[in-house]
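The chain contents come next:
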Amino acid sequence: MRREKLRRIVVVTCFLNFLVAYILYQFAFGLFVPNKVAQMDDTVRETINTAESAEKRFYNLKGRYYSVGPVKGPYSDENGLKVEKDVILQVEPEWDKNAARETFKAYAMHAWGNNLLIFDELGKIVKPDKKSPEAARIKSKLMNSVK
């Protein structure tokens with residue numbers, strides 16, 4: 001009888017612990033993690049915006065774009081570029097064949113995130129498909145360059 005009671009207490013305690021752990025898990029990954037990921041994406045977007053303005057400022061002064069990185073923040077340079085902590089940025093000047101002018105591309109991602117943002121030659125910030133080979137190649141290049 002005593003052993004049966006002890007077994008019931010152990011089973012109920014384990015069940016309640018599992019239930020509390022499940023509720024905390026759902027709460028954490030339903031509320032806190034998405035907010036943190038959104039913060040990381042905002043930081044990456046802000047970094048690309050500062051890279052765009054720094055590149056345009058440099059182009060107005062020198063008549064060309066300059067390459068950056070890949071660099072992991074915190075980083076800043078004399079042209080006004082500011083890379084936030086744990087953001088990885090690369091800027092590459094290139095020639096736009098269609099418009100016959102010089103332009104640049106910027107790639108950025110957060111070191112703890114998995115979203116890549118690209119500033120393309122059309123002046124738009126795009127998020128490529130996560131499964132595309134180009135996105136995988138760029139993410140790999142950025143992560144491996146700043147280890």
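Residues numbered from 1 in each chain as written. Predicted model: local features only at pLDDT ≥ 70, side-chain atom pairs only at ≥ 80, totals over all residues. Heavy atoms only, no water.

Q: Sorry, what's going on with the pattern of salt bridges here?
A: Under the counting rule described, the total for this entry stands at seven salt bridges. E52 is the partner of K56 in a salt bridge, and the nearest nitrogen-oxygen pair spans 2.9 Å. Residue K56 and its partner E52 are both found in helix 1 (residues 2–62); the two are separated by four residues, about one turn of the helix. With a relative accessible area of 40%, K56 lands in the partly exposed category. Here K85 makes a salt bridge to D86, at a shortest N to O gap of 3.8 Å. (Salt bridge = Lys/Arg side-chain N within 4 Å of Asp/Glu carboxyl O. Helix = DSSP H or I, 4+ residues; strand = E, 2+ residues; numbered from the N terminus. Buried < 20%, exposed > 50% of the residue type's maximum accessible area, 1.4 Å probe, protein only.)

Q: When you look at the confidence of the model for the chain in this model, what are you seeing that I'm missing?
A: Keep in mind that low pLDDT regions are not for reading the predicted coordinates in detail. Overall, the predicted model of the chain reaches an average pLDDT of 84, with 99% of residues at or above 70. The secondary structure element of the chain with the lowest average pLDDT is strand 7 (residues 125–126), at 82, and the one with the highest is strand 3 (residues 82–83), at 88. (pLDDT = per-residue confidence, 0-100.)

Q: Please clarify how helix 2 (residues 133–145) should be interpreted in this entry.
A: Given 3.6 residues per helical turn, the α-helix brings residues three or four places apart onto the same face. Between its terminal C-alpha atoms helix 2 stretches 18 Å, which fits the 18 Å expected from 13 residues at 1.5 Å a residue. The complete set of buried residues in helix 2 reads A135, I138, K139 and L142. When helix 2 is viewed along its axis, its buried side chains cluster within an angular range of 100° and face the same direction. Taken together, the buried residues of helix 2 touch strand 1 (68–72), strand 4 (87–96), strand 5 (101–110) and strand 6 (116–119). (Expected span 1.5 Å × (residues − 1). Arc of directions from axis to C-beta. Contact = heavy atoms within 4.5 Å.)

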